[in-house]
Amino acid sequence: MANLKKLLAGAMALCMAGAMFASCGPEESKNDSKSGNTNAGTNDNKGGEEGGNEGGNEGGDAAGDLKEEKLPNIPQNVEGSDASKKVLKIYTWNDEFKSRLRAFYPEYDAEKSGYSIGADGADVVGEHEYLKDGTEIVWVTTPSADNAYQNKLDEDLAKQADSDDKIDMFLIEADYALKYVNGPYVKPVTDLGLTDADLADQYQYTKDIVTDSNGVLEGVSWQATPGLFAYRRDIAKEVLGTDDPTEVQAQLSDWDKFNEVAKKMKDAGYFMLSGYDDAYRTFSNNVSHAWVNSNYEIVVDDNLMKWVDQTKDYTDNGYNNGTSLWDDQWNADQSSAGKVFGFFYSTWGINFTLAGNAGDELQGQYAVCEGPQAYYWGGTWICAADGTDNPDTVADIMKALTCNKDIMLDITKKTQDYTNNKSAMEELAKDFSSEFLGGQNHIALFTAAAPNIDASKAGPYDQGLNESFQAAFKDYFLGSVDKETALQNFYKAAQEKYPDLKVAK
Amino acid sequence: MAAPVDAVGEMSNSKQLLIRRVISYTVLTIFAILSLFPFFILLINMTRDTNSIQKGFSLVPGSYLIKNFKTVLGKHDWKMLSSLKNSLIISGLTALLSTYFSALTAYSIHVYDYKLKKFLFTFILMIMMVPTQVSALGFVRQMSDWGLTNSFIPLIIPSIAAPATFFFMKQYMDSALPLEIVEAARIDGSGEFRTFNELVTPILKPAIAVQAIFTFVSSWNNFFIPALILDDKNKRTLPIVIGIIRSADYASFDMGAVYMAIGISIIPVAIVYLILSKFIIRGIALGAVKG
Amino acid sequence: MKHKSISYAKWGYIFIIPFFVAFILFNLIPLVSTFYNSLFENYKGRGGLVQVGPNFIGLDNFRTMFAPETELGKYFGNTFVLWILGFIPQIFFSLLFASWFTDLRMKLKTGAYKVIFYLPNVIMAAAMGMLFYTMFAQNGPINSIYMSITGKDSPYMFFDNVWSQRSVIAIINFLMWYGNTTIMLMAAINGVDPSLYESAQIDGATPSQTFWKITLPLIRPILLYVLITSLIGGLQMYDVPQIITKNGEQVQRTSMTVVMYLQKHLYSKNYGMAGALSVILFVVAAVLSLIVFYVTTEREPKKKVKKGGIK
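Fair warning: this is a prediction, and the values are worked out from it, not measured in the lab.

Right, let's get into the overall build of chain A. Within chain A, the regular secondary structure consists of 23 helices and 16 strands. Counting across all 505 residues of chain A, residues that qualify as buried make up 51%.

Here you go:
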């Protein structure tokens, strides 16, 4: 009993301590709300006006889609220090952009940075890296695991206006791009001096993903990532009687035909697809409206329910192998030991992941075709941080790496990135042959597929909602819940992630 | 089961003892194998490349050991060696501060009588219950408000207040530190602080060794907070670097390197553990102190 | 005696200063603001960039937490199940091994075992999760064994079924912590006065009598410590189930722990809901430890009084 008293006393103590510090608490919170109000209050300042000027909004105009107002940029209270002006500070989560910049940005001072490419293909650089004008490049790398990258970036961007150590650039991915694009921390690309002519050769969908609600472009990418359907030639020959990409495509050109082939595959002892999520992007990229409508309600698109029904069918009929994306088995299914007909893969996936998994045994044994619907998968975008004290350098990097045809052609040749430059890629497509794909010219297919991609329905909630949707419906595929329960489970998860979203009645 | 056996029946007793020893060794060996199995997988995968790792497990090592090793240590952007050093500094100091000050605090509660004692003791116990994740983001924001981004201070100094370590020390003192020893030291004219440092800490050695390992390991493996506090590439800790290797882009994604990095991160901990485990055993000889 | 110890009281205060200064600066302030936040609507809207609130909403967050559709009990239930599945074998084998290791008659060569048993603990939980995910994967070694033993041609999907998924998590927790517990119990048993064993032997006690009547009662403080820290560790369980279940949303959330659920609310930095859940978690933890204290200390009240008398 004495212990009971002790614990009660402890609880009391904590409450008292709580009361003591409560006086600190509200102070902090007030500040928070103040900055929140500032955002709303300065709605009509410079940033807001600028926003409306540029046109070119191709965004989804389907009735009811959420078009979140672009938040006006926050006035910079503090200027960058002299030291900050001499430093180009770039936020990223991996080394991909680093190696592109080092290898292909002409103003990168390879000598002073001690840059070379090591025997294993990895970058070798000295302690400090510089541009030719003496600006030092500082990379702030935070892993994406546990959302750490976005947490870090959000914290630091929030402090940008009052900091004299300015962030100059940061990188983002498609699935959460709009969160930043419509937020107050990005400097529009046109403000940096990039013109429509500069950007003319970029694929439209790569611009749509980073266009804010006012139609202003807020970022650029050096890659385009159109997706195709990669299939095993040996299995195609055996089951479909041909491995010719055109003829195979004719049998896969819409979902009904695709499903028919799936049945044939099953009858012949193969799987059509490896896992539950394989086809997801082809459906989610072709929705008729965005995830969230203008009332902040989650609306599940019919096309996504089509994916659910199809995948349920595939699972029940044994058309897939029950894997999940990136599982060991999913990777193994792509090797010679696999019994899976094909995989939905985009540019990088074919050149690196699939080729790697296929190994020597399946060299030349894969081919690609467009598949039933156009889609994209992946990509990294470059944004200029509002308040950057090196806007000219940032603009020059963007121009060089995402608008310069020669440089981009060079990137494609040296790294196999499919670059975001129509004329360069079309030029390349005239005469190309991939050894891995048995001599097929898949670049030509990419150039044909890329213009068909529709990214206008992208939204800031995509990453979280897509993940939860797939997770919730896996239970349905496995048969442990019915469709309605799975849907309810999804809504629940969605609202935990995004408390401002409601469920459409 | 434990300790000495009755003296009745010498003959059957020694036979019984033999059987017990055989059983013990068998069970212990099975568990040893179980415990080593994850390491076995780790070691095997350290010698393989991404594609073969993903094709499934194999008992036969691959031929990528040296390449993986070179990749992990050599890749400039990862700074593996400096992160090893940082992790050593942070975890070492954390273990040191945490055990010393927790012992000091426990000593205060154990030996002295003062008004707030019971209250403070209970208070610390309550605190122990709070999951660390609860206030993590608040903590990070506060540290950055104090300008402690990229400083090791937020990763080391808070360990001075380690309720769980404190609680262990307190429990250990209850069973191994009689107040008579302190009284005797006072009679000999030893100052309170000196008594603690020179007389009490040696008695606490086993407890200190045990807690030093625990603290070291948990600090060594901590990812969440350091990832949000440290962004300078020269200040990163090992788990951050492993995180970076894991979130590599498609072209340089390297499972072999991930396993290698995990392997490298385990070696120093194992060494620290080996050193301290001797300490424990020697320290335990001091168990003569009455419980 | 009593007036004497009073003169030393100031040292008691001096010695706890570092602890409490560090505690207040680095723990209490963030913690109190966490609790305080439970009374507010406070999160990042629009996918994470816009601060919503803080608006005072009283106990609304708690109402939401306790609403039946939140199924809060389920997450506490999951946590408890995952913890107990790992803890029962952990305490059983740790006691067994600690008593073997300290058995003076058996004289086992224990050095290597002790080192090996503890080793899984040095792998970070996330990596341990990764390794076991590989082991129990569709094409992992466990499934190869399973298929060759049963003769089935399709693997068992360990991560798609409630109890197999939970068992894998429990096995990891067990493997990570049983060595740790063994060492701790060993230290405790070795702290017991050997003369007690000698006199027990003279009195003709059997080994099991010695264990139950001497060893166990005397290591009770450390056992209590093990139980409480394990309980706390269990309540905080996160990394392992997070990796094994891939964020916990699959298999109808049957392995989603409380902290994983808490983490869901941190996705949008929902300090309001996370704060409310933290308060609840705190109360549950306090009540649990209260029960543990009560049950485990009640049996030896006399000894306590005696000890206190020495002071």
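Moving on from the coordinates now.
Once that is clear, we can look at the sheet that holds strand 14 (residues 366–369) of chain A. Residue and element names in this part refer to chain A. Here we have three strands laid out as an open sheet, ordered 13-9-14, and antiparallel in their pairing. Sheet topology places strand 13 (342–346) and strand 14 at the edges, where each strand pairs with a single neighbour. Pairwise comparison of adjacent strand axes, ignoring direction, gives a mean angle of 35° for this sheet. Direction of pairing for strand 9 (residues 227–232) relative to strand 13: antiparallel, over a ladder of five bridges. The residue bridging Gly227 from the neighbouring strand is Ser346, located in strand 13.

Turning our eyes to something else, we now look at the interface of chain B and chain C. Each partner contributes to the interface: chain B provides 79 residues, whereas chain C provides 95 residues. If you list the elements that add at least two residues to the side of chain B that touches chain C, you get helix 1 (10–46), helix 4 (80–111), helix 5 (117–128), helix 6 (136–145), helix 8 (163–176), helix 10 (192–220) and helix 13 (255–284) of chain B. Ranked by residues supplied to the side of chain B that touches chain C, first place goes to helix 1 of chain B with 14 residues. Here the residues of the side of chain B that touches chain C are counted per class, giving 55 nonpolar, 16 polar and eight charged.

Opposite the 40 residues of chain A that make contact, chain B presents 34 residues. Of all the elements in the fold, those that place two or more residues in the side of chain A that touches chain B are helix 1 (2–22), helix 5 (96–104), strand 3 (123–124), strand 5 (136–141), helix 7 (148–159), helix 16 (328–332) and helix 17 (347–358) of chain A. Ranked by residue count, the leading element in the side of chain A that touches chain B is helix 1 of chain A, at seven residues. Residue composition of the side of chain A that touches chain B, by class: 17 nonpolar, 13 polar and ten charged.

This part is about the domain arrangement of chain B. Residue and element names in this part refer to chain B. Its domain assignment divides chain B into domain 1 (10–63) and domain 2 (69–288). Taken together, the contact between domain 1 and domain 2 spans eight residues of the former and eight residues of the latter. Here the residues of the side of domain 1 that touches domain 2 sort into three nonpolar, three polar and two charged.

Right, let's get into the environment of Gln133 of chain B. Positionally, Gln133 of chain B belongs in the loop between helix 5 and helix 6. Linking Gln133 of chain B and Ile30 of chain B, residues 103 residues apart in sequence, is a C-alpha distance of 36 Å. Sequence-distant contacts of Gln133 of chain B, that is, excluding residues within four places in its chain, are made with Gln236, Tyr238, Val259, Leu262 and Gln263 of chain C.

This paragraph deals with helix 6 (residues 125–135) of chain C. Of all eleven residues that make up helix 6 of chain C, ten are buried, and the element is covered over most of its length. Three or more residues of helix 6 of chain C are buried, namely Ala125, Ala126, Ala127, Met128, Gly129, Met130, Leu131, Phe132, Tyr133 and Thr134 of chain C.

Looking now at the packing of helix 4 (residues 72–101) of chain C against helix 8 (residues 162–190) of chain C. Direction vectors running N to C along helix 4 of chain C and helix 8 of chain C enclose 35°, while the axes themselves pass 7 Å from each other. In the crossing of helix 4 of chain C with helix 8 of chain C, the sense of the turn from one axis to the other is right-handed.

Turning to the packing of helix 4 of chain B against helix 12 (residues 238–246) of chain B, a few remarks are in order. The geometry of a pair of packed helices is captured by two quantities: the angle between their axes and the separation between those axes. Interhelical geometry of helix 4 of chain B versus helix 12 of chain B gives an angle of 145° and a closest axis separation of 8 Å. Two secondary-structure elements touch here, helix 4 of chain B through Met80, Ser83, Leu84 and Ser87 of chain B and helix 12 of chain B through Leu238, Ile240 and Val241 of chain B.

With that settled, consider the nonpolar core. With 306 residues, the main nonpolar core has Phe170, Ala177, Ala230 and Cys383 of chain A, Ala261 of chain B together with Met128 of chain C as its most contacted residues. Considering each element in turn, this core owes the most residues, 16 residues, to helix 8 of chain C.

Here we come to the pairing of strand 1 (residues 87–92) of chain A. Residue and element names in this part refer to chain A. Strand 1 sits mainly inside the fold: five of its six residues count as buried. By the bridge criterion, six bridges tie strand 1 to strand 5 in an arrangement that is parallel. Paired with Tyr91 across the two strands is Val140, which belongs to strand 5. In terms of strand pairing, strand 1 meets strand 6 (residues 169–173) through two bridges, oriented parallel. Bridge pairing in strand 6 places Ile90 opposite Met169.

On to the pairing of strand 9 of chain A. Residue and element names in this part refer to chain A. Strand 9 sits mainly inside the fold: six of its six residues count as buried. Across the two faces of strand 9 the burial is the same, with Gly227, Phe229 and Tyr231 and Leu228, Ala230 and Arg232 all buried. Alignment of strand 9 against strand 14, held across four bridges, turns out to be antiparallel. Bridge pairing in strand 14 links Ala230 to Val368.

Attention now goes to the domain arrangement of chain A. Residue and element names in this part refer to chain A. According to the domain assignment, chain A contains domain 1 (82–224 + 378–429) and domain 2 (227–373 + 461–503). Distance between the C-alpha centres of domain 1 and domain 2: 31 Å. With five residues of domain 1 in contact, the opposing surface of domain 2 contributes seven residues. Of the residues assigned to the side of domain 1 that touches domain 2, the class counts are two nonpolar, two polar and one charged.

Glancing now at the confidence of the model for chain B. All names here are of chain B. The share of residues in chain B with pLDDT of 70 or more is 88%, and the mean pLDDT across the chain is 82. Mean pLDDT in chain B bottoms out at helix 13, which sits at 75, and peaks at helix 7 (residues 153–156), which reaches 93. Counting interchain partners and residues more than four positions distant, the pLDDT-below-50 stretch residues 1–9 has 32 contacts. Under a pLDDT of 50 for its full length, residues 282–291 has, in the predicted model, 22 contacts with residues more than four places off or in other chains. Predicted as a complex, the structure gets a pTM of 0.83 and an ipTM equal to 0.83.

Let us look at unusual backbone geometry. In this structure, Tyr296 of chain A is a non-glycine residue whose phi angle is positive, near 60°. By the secondary structure assignment, Tyr296 of chain A is in the loop between helix 14 (280–284) and strand 11 (297–298). Take Tyr296 of chain A: there are 16 C-beta atoms within 10 Å of it, and that puts it in the partly exposed class. Positive phi values are uncommon outside glycine, yet Lys79 of chain B reaches one of about 55°. Mapped onto the elements, Lys79 of chain B comes out in the loop between helix 3 (65–74) and helix 4. Given 21 C-beta atoms within 10 Å, Lys79 of chain B falls into the buried group.

Rules used in this analysis
- Residues numbered from 1 in each chain as written.
- Chains lettered and ligands numbered in written order.
- Predicted model: local features only at pLDDT ≥ 70, side-chain atom pairs only at ≥ 80, totals over all residues.
- Helix = DSSP H or I, 4+ residues; strand = E, 2+ residues; numbered from the N terminus.
- Buried ≥ 20, exposed ≤ 12 C-beta atoms within 10 Å, placed from the backbone.
- Pairing = 2+ DSSP bridges.
- Axes fitted to C-alpha atoms, helices over the stretch in contact; angles between N-to-C directions.
- Contact = placed C-beta atoms within 7 Å.
- Nonpolar A, V, L, I, M, F, W, Y, C, P; charged D, E, K, R; others polar.
- Domains from an automatic or database assignment.
- Left-handed = near helix turned anticlockwise from the far one by under 90°.
- Core = buried A, V, L, I, M, F, W, Y, C linked by C-beta atoms within 7 Å.
- pLDDT = per-residue confidence, 0-100.

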